[in-house]
Amino acid sequence: MEFPFDINQLFSERVSVLDQSLVAGRKSAGRPDLQAHIATVIDELGRASAKAQQLTAPITSASKLQSQRHQLYLLKDGESNGGRGVVVGFLKVGYKKLFLLDRQGVHIEAEPLCVLDFYISENLQRHGYGLELFDFMLQHKNLEPVLMAYDRPSPKLLSFLAKNYCLTQSVPQVNNFVVFEGFFLNRSAAQLRKVPLRKPEGEIKPYSLMEREVVRQEQRVPPWPFASPHSPQRSVSSRYSPPLSVGSSPSRAPPRAAPLSAHQSPLLERCRARRTSSLNRSELGFH
């Protein structure tokens, strides 16, 4: 890709690494005019990549790079265009916190380095430039391609990974990212963390299991007046429940108290007293 300014003046190295500062070497540091040219190069590359991938909008631009903690590897051919140089392509990577599924369907939380955008000019493809750029990034990051995640990889990128790095077996995900066999096997426990399943009732503490069982038993008892005559529910309801309506109450006596709430249940109170006694014995050293 050619530009109306000297590419070699902007990028002194064959492969330049750009970040939020949009500075490529000492020449462009403190030079707003050169940084403006660098921004133009990045914007043009982003538009060309979006067009090649048939995206509705570019996912790479100078403004996006300045606002995100990503890195862009830019490859040039300094001898072309009459010695002014041409831009061959770019590779953008960044760390992303992802929730992934392993082969067993277990949710895993990870933050791998991700390939976010990758483009080589159409007229320079199939000349080994893509492999040169990708290998440079791997050496710079000291990383294996199987340990990376790939954001919405195009068929060309998948073919590139299969041909050059033997990455063919992917692990299906529910998001746009693709990971391959070996991603979960070659990582330490510190890099991968299983995500616990959410419980609808929250975490159940061991000491509250008896209390919850009492609640369940009371809920299974039919409400008054359908409970059996000798059931605790019938006796409690007959003493404390107010009349259903005027003329329909079995008893004309005025209500003496409000119905017992769940935390006032005698069974629950005995359960909590037993639990408190058990905890006190444990604190005193009794087993």
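In this report, we go over the structure that sits alongside the text. Sequence order as written defines residue numbering, which begins from 1 separately in each chain. The predicted origin of the model limits local features to residues at a pLDDT of at least 70 and limits the giving and counting of side-chain atom pairs to 80 or more, whereas totals for whole chains, interfaces and linings rest on all residues. Side-chain calculation: all heavy atoms of the structure are included, whereas hydrogens and water are not.

Overview of the sheet that holds strand β2 (residues 70-77)
Filter applied, for reference: A pair of strands is considered paired only if DSSP assigns at least 2 bridges between the two. A helix here means a DSSP run of H or I that spans at least four residues, while a strand means a run of E at least two residues long, and both kinds are numbered starting from the N terminus. Whether two residues touch is decided by their heavy atoms; if any such pair falls within 4.5 Å, the residues are in contact. In this analysis an axis means a line fitted to C-alpha atoms, helices contributing only their contacting stretch, and an angle means the value between N-to-C directions, from 0 to 180 degrees.
Ordered by their spatial adjacency, seven strands build an open sheet running β1-β2-β3-β6-β7-β9-β8, and the pairing between neighbours is mixed. Edge positions in the sheet fall to β1 (15-18) and β8 (170-171), since each has one partner strand and no second. Bridge count between β2 and strand β3 (residues 86-95): eight bridges; the pairing is antiparallel. The residue bridging H70 from the neighbouring strand is G94, located in β3. Helix α2 (residues 32-52) contacts β1, β2, β3 and β6 (113-120) of the sheet and is inclined by roughly 90 degrees relative to β6. Packed onto the sheet, helix α5 (residues 155-165) meets β6, β7 (149-151) and β9 (177-180) and runs at close to 105 degrees relative to β6.

Considering the pairing of strand β5 (residues 107-110)
Pairing analysis gives four bridges linking strand β4 (residues 98-101) to β5, with the strands arranged antiparallel. When the sheet's bridge partners are listed, L100 is paired in β5 with I108. Hairpin connection between β4 and β5: a loop of five residues separates the two successive antiparallel strands, and G105 in this loop has a positive phi of roughly 80 degrees.

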